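What follows is each chain in one-letter form.
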Amino acid sequence: MLMKRVFSGIQPTGKIHLGNYLGAVKNWVDSQGEFENIFCIVNSHAITTTQNPQELREKTYELARVLIACGIDPKKSCLFIQSEIDEHAALAWILDCNISMGEMSRMTQFKDKSQKNPKNINVGLFNYPALMAADILLYNADLVPVGEDQKQHLELTRNVAQKFNRDFGECFKVPEALIPKVGARVMGLDDPTSKMSKSANGANHAIFLMDTPDEILKKFKKATTDSEACIRFDENRAGVYNLLCIYETLSKKTRESIEGEFVGRGYGDLKKAVAEIVIETLRPMQEKYQLLKNEQGYIEKILEEGRERAREIAQKTYNQAKTFIGLV
Ligand code: ATP
Ligand code: LTN
């Protein structure tokens, strides 16, 4: 039987954080044996917000190194850089012409990001979901493992694929989102009402995967909680709920047993326990990351092989789409 194909992407916009890991990357790593995997560093998406060119180049390779350190195995998964395959931007144009302004205007990420950065509201930011749809559809992905925030973009991807297939013939596979039951929406430690994000500013907002144990402990100690004393999974108490969910995902314990563990204990104990499990989870990745730093040319080689494999698939789908629509 043919393996299902997974495709997912991550932006090299900043340091990768615990939300990226629990919402997406952990699931990419865990399911490597089960699926055929294609993972993409989406640097063309990154330029929808202002980037320093030299830093963007560096962050792209740095992210590849972090992903390998997290457990992406180049023997099992294809890893490549989006801008190296021209077909992404080219298919996005074809999709643009098949997505209505109404549907695109409903995307909430555009509204959030343009509010956060009113000085650079560009057409690419508005159009971002069409490029994301192109990423996915080029590779005939069955499944797309992402965090909760990407659900709406996946719906748009499915809609445009279905519309294209209806109007021009069966060209695209209609993909499904794969959203984890826990960890799909890790919130900022300083503000548990907004999702942990690479582009947020607060010093105490996110746990980065390469943070030292000291930094991790300090950040958790300062995490916003509330004035109630009892430690329970209660979505209305966002700060404590966020800490408990992180603990739940990493400890793999049930909610009942976690609540039992913290009966009669205070927030200080909870914060310490969460910090410890995060530190222990990240330790082997941090060690591997340091080792990879010394392996000259290793990441470059993985990305080169990834590019060749990705190109083969992408060209085929793109040429098919061009034929269907009458461009060849
Ligand atoms: P930015 O905030 O700069 O837009 P980001 O932190 O959302 O960036 P992306 O590269 O856009 O990071 O996302 C990579 C993956 O991580 C996506 O699948 C996304 O759904 C997931 N993800 C991002 N933030 C979180 C979060 N706080 N909780 C769970 N998953 C998340
Ligand atoms: N839009 C996503 C990143 C992304 C992606 C993709 C995820 C770009 N292309 C394709 C899955 C599949 C984000 O902002 N997190």
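Below: a short report on this structure. Every value quoted in this text rests on a predicted model; they were computed, and no experiment measured them.

**As for the side chain of Q286**
Here comes step 1: You can see Q286 is positioned in helix α12 (residues 267-293).
Here comes step 2: The residues touching Q286, leaving out its near neighbours within four places in the chain, are L209, M210 and D211.

**Here we look at the packing of aromatic side chains**
Here comes step 1: Applying the stated criterion across every chain, the model contains 8 aromatic pairs.
Here comes step 2: Judged by centre distance (5.1 Å) and plane angle (10 degrees), the ring pair of F7 and Y139 falls under stacked. Here F7 is found in strand β1 (residues 5-10), whereas its partner Y139 is found in the loop between α7 (123-138) and β4 (143-145), with 132 residues between them in sequence. When sorted by exposure, F7 lands in the same class as Y139, which is buried.
Here comes step 3: Seen in terms of ring centroids, F80 and Y139 are 5.6 Å apart; in terms of plane orientation they differ by 50 degrees. Their pairing is tilted. Residue F80 is located in strand β3 (residues 77-81), and its partner Y139 is located in the loop between α7 and β4; the two are separated by 59 residues in the primary sequence. As far as burial versus exposure is concerned, F80 and Y139 are alike and both buried.
Here comes step 4: An aromatic cluster is defined as three or more aromatic residues linked by ring pairs; in this entry it consists of F7, F80 and Y139.
Here comes step 5: Across the ring face of F208, the terminal group of K15 is positioned such that the distance to the ring centre comes to 4.6 Å.

**Quick look at the site of ligand 2**
Here comes step 1: Residues in close proximity to ligand 2 total 14 residues, the closest being G9, Y128, M132, D135 and Q150.
Here comes step 2: Between ligand 2 and Q11, the relevant distance is 3.5 Å, taken from an oxygen atom to a side-chain nitrogen or oxygen of the residue.
Here comes step 3: A distance of 3.0 Å is found between a nitrogen atom of ligand 2 and a side-chain nitrogen or oxygen belonging to Q150.
Here comes step 4: About the coverage of ligand 2: the protein hides 91% of its 370 Å² of free accessible area.
Here comes step 5: Listing elements by their share of the shell around ligand 2, those giving two or more residues are β1 and α7.
Here comes step 6: In terms of residues, the shell around ligand 2 owes the most to one element, α7, which gives 4 residues.
Here comes step 7: Each residue belonging to the shell around ligand 2 can be placed in one class, and the counts come to 7 nonpolar, 6 polar and 1 charged.

Rules and cut-offs
Throughout this document, residue positions are counted from 1 along each chain, in the order its sequence is written. The order in which chains are written sets their letters, starting at A; the order in which ligands are written sets their numbers, starting at 1. Predicted model: local features are reported for residues with pLDDT of at least 70 only, side-chain atom pairs are reported and counted for 80 or more only, and whole-chain, interface and lining totals are derived from all residues. The basis for the side-chain values is all heavy atoms of the structure; hydrogens and waters are excluded. Runs of E in the DSSP output that reach at least two residues are strands. Runs of H or I that reach at least four are helices, and both are numbered from the N terminus. Two residues form a contact once any of their heavy atoms are found within 4.5 Å. Centre distance within 6.5 Å is the pairing criterion for rings of Phe, Tyr and Trp, where only the six-membered ring of Trp is used; planes under 30 degrees apart are then read as stacked, over 60 as edge-to-face, and the remainder as tilted. For every residue, the accessible area obtained with a 1.4 Å probe (protein chains only) is divided by the maximum for its type, and the residue is called buried under 20%, exposed over 50%, and partly exposed between those limits. Cation placement over rings: the criterion is NZ of Lys or CZ of Arg within 6 Å of the ring centroid and within 35° of the ring normal. For each residue, the test is whether any non-hydrogen atom lies within 4 Å of the molecule or strand; if one does, the residue is near. Contacts described as polar in this section are N or O atom pairs within 3.5 Å, which, within protein, must combine one atom able to donate a hydrogen with one able to accept it, while residues neighboring in sequence count only if both atoms come from side chains. Computed with the Shrake-Rupley method and a 1.4 Å probe, the accessible areas treat only the protein chains shown as cover for residues. Residues were grouped as follows: Ala, Val, Leu, Ile, Met, Phe, Trp, Tyr, Cys and Pro as nonpolar; Asp, Glu, Lys and Arg as charged; and all remaining residues, including Gly, as polar.

Distances and angles like these do not, on their own, reveal function.
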